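One-letter residues, chain by chain:
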Amino acid sequence: MKHKIHISPWMIIGASLLLITIVGFLGVVNYNRDKEQMGTLLKEKGAALIRSFEAGTRTGMKGMMGKMGVFANEIHLQVLLKETAGQSDISYISIVDSSGIILAHNKSSLIGENFIDMDILETLSPSHLPQWRIAGQENGVKYFEVYKTFLPVFDHPGHDHIDWESSVTTRKIMDPTNRPYIFIGMDIAPFEIAMREDLKHNIVMAAIIFSLGLAGVISLFWAQNYTRSRKLLQDTRKFASEVVSHLPVGILVMDIRYRVIYSNAVAWNLLGTNELAVQGVDAKELLPNNIWSLHDRIKAGQPVAEKEIRLLREKSSSTPVAVSATNIHGEDGNYIGFMFVFKDLTEIRVLENRTQRIEQLATVGNLAAGIAHEIRNPLSSIKGYVTYFGSLFEDSSENRKAADLMAEEVDRVNRVISELLEFARPPDLKLKEIKVSDLIVHSIRIVSHEAETVGIQITPMIAPGLPYLMADLDRLTQVLLNLYINAIQAMTKGGKLIVRADLQGPNLVIDVSDTGTGISLKNLKHIFDPYFTTKNSGTGLGLAIAHKIVENHNGFIQARSTENSGTTISIVLPIIGEKENPI
């Protein structure tokens, strides 16, 4: 049994009123648009007349300048005005100065009279570009008026030629430093007739549109529910698509034939591919075995919550990724597809490593603070007794050599304790504005003799104009000296040590590069760890202390190295000072 649809009369009335409003609005919009187009057309016509008049004035004045007397230019200008204004649709042409006084007019009798009030002229603000307005004269007649700055001479230096013995009027018109203004008035009657015709046309069209619209109100009402439901479905799909595409995890969905039917940008980046290379591709061929194995496990009935794997990237690097997999079922419970979810764990691993380092440094600091004072006092006593007993033997005796060796070892232990205390010391920076060049030159001077002794050339490369750095000069010098000494010790057969300083964005970057033996990839990631060293006599705290000092300056330090090719240590510090460094 069919259900009848009852439409309320008030609904028809309301829809009709709404349609009338829309049609009226469209009519107003069309009228204003046509009015604007007509105004633009007349403005362009007026602008073309002004350019022609300017060109004729420029040509005539150049030809007559100095040949036909003082007033020849004005006669030529007046003739040109009358000829141009003689066209049927041109009512007047007037050239006025900045106070609104007529300098030239197609009716010569009006020269010297006030054409426009200065207040109105300032409001109009004529420029080099043509503008227009609807102007009314004293006789009550309206005109379509186009106006702009009058440019009868060139703006370029060397092209202006003014005969300063000419009349005052000519000098005012030709003066490039105080341009007059030109106004062209055109008969507005054709403009108004066209607007009335256009308005009639719009009314007729509005009536036709209203009739057609009214006839379609009922049809639109019937289609309303269908359109609303369709739009709601489309909006829901769009919303879901936008949410999924902007999730911070990668998503890859395949159908029952293993063809990829959806994926987002995160998944493309992790898999090292793009949308075109993924869409419609067999997922078994696209995904690595360690990911596809999750599909096999789920199909075998084994639940898989999440599995961490490493995806190989370019240059033999890999990315830690957590992969989840699940079946997709429809409303009736049937299997319709399969989905993989990828989560990049790189930032998490970095944060974990940073946390571990902080905990490690805190442990070392607490250890150093706890044992330093307990060891130093006995060490002082031991060294005193060793020195005393050593003095009882001859200088060249074995006993004396053994005593001296014991004293050296006591000094080495004391040095290790000093470095421990330095490492455990809380940051107590004495910040002041320092010149980067002073910091680098001073630190290089300290190790220059040692470098020359082993045949190492030190080259500073300091960019000019570096801002002042807000830092602790002594602590940063300590960092640089540590890097220099490590570099010198890595170049046992001589080499080059280059110290660069330059700006990279808001940061100062100091690179210390050597041509030494380099550091293996295995050791490179541990060089800033406390007690890590590859030297027989090193304590492993030098670079750790340097790392801590740089971090206390809100910066960071990093290393790049290639075995047998050299090492570069980069110190990155934020720039705070604004003064320019006069390097």
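Computed from a prediction, not measured in an experiment: that's the story for all the values here.

1. Side note on the overall build of the protein
Helix and strand counts for the protein come out as 16 helices and 17 strands. Contacts spanning at least 24 positions in sequence make up 61% of the contacts within the protein whose residues lie at least 6 apart. Accessible surface computed for the protein: about 35200 Å², of which carbon and sulfur atoms make up 57%.

2. A short note on the sheet that holds strand E16 (residues 556-562)
If you trace the five strands from one edge of the open sheet to the other, you get E12-E14-E15-E17-E16, paired in mixed fashion. For this open sheet the edge positions go to strand E12 (456-462) and E16, each flanked by a neighbour on one side alone. Ignoring which end each strand starts from, the neighbouring axes of this sheet average 15° apart. Bridge analysis of E16 against strand E17 (residues 566-574) gives seven bridges, and the strand direction is antiparallel. Bridge assignment links Arg560 to a residue of E17, and that residue is Thr568. Most of the contacts of helix H13 (residues 436-453) go to E12, to which it runs at about 175°, and overall it touches E12, strand E14 (495-504) and strand E15 (507-514).

3. Considerations on unusual backbone geometry
In this structure, Asn554 is a non-glycine residue whose phi angle is positive, near 65°. In this fold, Asn554 is placed in the loop between helix H16 (542-552) and E16. Judged by its relative accessible area of 67%, Asn554 falls in the exposed class. Even without being a glycine, Asn564 presents a positive backbone phi close to 65°. With respect to the helices and strands, Asn564 occurs in the loop between E16 and E17. Taking the relative accessible area as the measure of exposure, Asn564 reaches 70% and is therefore exposed.

4. A word on H16
For H16, the full list of buried residues reads Leu543, Ala544, Ile545, Ala546, His547, Ile549 and Val550. Where H16 ends, the next residue or the one after it, Asn554, has phi of about 65°, a positive value.

5. Focus: the nonpolar core
Grouped together as the largest cluster of nonpolar side chains are 42 residues, with contacts concentrated most on Leu469, Tyr484, Leu497, Ile510 and Ile571. At eight residues, helix H14 (residues 473-490) tops the list of elements feeding residues into this core. If near-sequence neighbours (up to four positions away) are discounted, Tyr484 is found in contact with Ile440, Ser443, Ile444, Val447, Leu497, Val499 and Val512. Core analysis: the next-biggest nonpolar cluster, separate from the first, contains 21 residues, Leu270, Val278, Leu311 and Phe338 among them.

6. Details of the environment of Gly566
Position of Gly566 relative to the elements: it lies in strand E17. Owing to a relative accessible area of 7%, Gly566 belongs among the buried residues under this scheme. Considering only alpha carbons, one finds Gly566 and Asp514, 52 residues apart in sequence, at a separation of 5.3 Å. Here Gly566 is in contact with Asp514, Thr515, Gly516, Gly518, Arg560 and Ser561, once residues within four sequence places are set aside.

7. Describing the environment of Leu311
With respect to the helices and strands, Leu311 occurs in strand E8 (residues 307-312). Placed 21 residues apart in sequence, Leu311 and Asn290 show a C-alpha to C-alpha distance of 9.0 Å.

8. Some words on the side chain of Asn264
Here Asn264 lies in the loop between strand E7 (260-263) and helix H7 (265-271). Side-chain polar atoms of Asn264 contact the backbone oxygen of Val249, separated by 2.9 Å.

9. Overview of the packing of aromatic side chains
If you walk through the whole model with that rule in mind, you get nine aromatic pairs. Relative to Phe183, the ring of Tyr147 has its centre 5.4 Å away and its plane inclined at 25°; by these criteria the two rings are stacked. Pair noted here: Tyr147 is in strand E4 (residues 142-149) and Phe183 is in strand E5 (residues 181-187), with a separation of 36 residues, a long-range link. Take Tyr147: its relative accessible area is 3%, and that puts it in the buried class. One aromatic cluster in this structure is built from Tyr92, Phe115, Tyr143, Tyr147 and Phe183. For the cation-ring pair, Lys299 lies above Tyr335, with the distance from its terminal atom to the ring centre recorded as 3.5 Å.

10. Observations regarding the confidence of the model for the protein
With 76% of its residues at a pLDDT of 70 or more, the protein has an overall mean of 77. Averaged over each element, pLDDT in the protein is lowest for helix H4 (residues 168-174) (63) and highest for E15 (93). Overall, residues 65-71 carries pLDDT values under 50, and its contacts beyond four positions in sequence, including any with other chains, amount to nine contacts. This stretch, residues 154-162, has a pLDDT under 50; its non-local contacts, to residues over four places away or in other chains, come to 14 contacts.

11. Some thoughts on the packing of H14 against H16
Two numbers describe a pair of packed helices, the interaxial angle and the distance between the axes. At a minimum axis separation of 9 Å, H14 and H16 run at an interaxial angle of 145°. For H14 against H16, the interelement crossing comes out left-handed. Taken together, the residues of H16 that come into contact with H14 (itself represented by Arg475, Gln478, Val479, Asn482, Leu483 and Asn486) are Gly542, Leu543, Ile545, Ala546, Ile549 and Val550. Looking at the contact of H14 with H16, its residues break down into seven nonpolar, four polar and one charged.

The rules we used
Residues numbered from 1 in each chain as written. Predicted model: local features only at pLDDT ≥ 70, side-chain atom pairs only at ≥ 80, totals over all residues. Heavy atoms only, no water. Helix = DSSP H or I, 4+ residues; strand = E, 2+ residues; numbered from the N terminus. Contact = heavy atoms within 4.5 Å. Areas by Shrake-Rupley, 256 points an atom, 1.4 Å probe, with all protein chains shown as cover. Pairing = 2+ DSSP bridges. Axes fitted to C-alpha atoms, helices over the stretch in contact; angles between N-to-C directions. Buried < 20%, exposed > 50% of the residue type's maximum accessible area, 1.4 Å probe, protein only. Core = buried A, V, L, I, M, F, W, Y, C linked by side-chain atoms within 4.5 Å. Polar contact = N/O pair within 3.5 Å; in protein donor to acceptor, adjacent residues only side chain to side chain. Phe/Tyr/Trp six-rings, centres within 6.5 Å; stacked < 30°, edge-to-face > 60°. Lys NZ or Arg CZ within 6 Å of the ring centre and 35° of its normal. pLDDT = per-residue confidence, 0-100. Left-handed = near helix turned anticlockwise from the far one by under 90°. Nonpolar A, V, L, I, M, F, W, Y, C, P; charged D, E, K, R; others polar.

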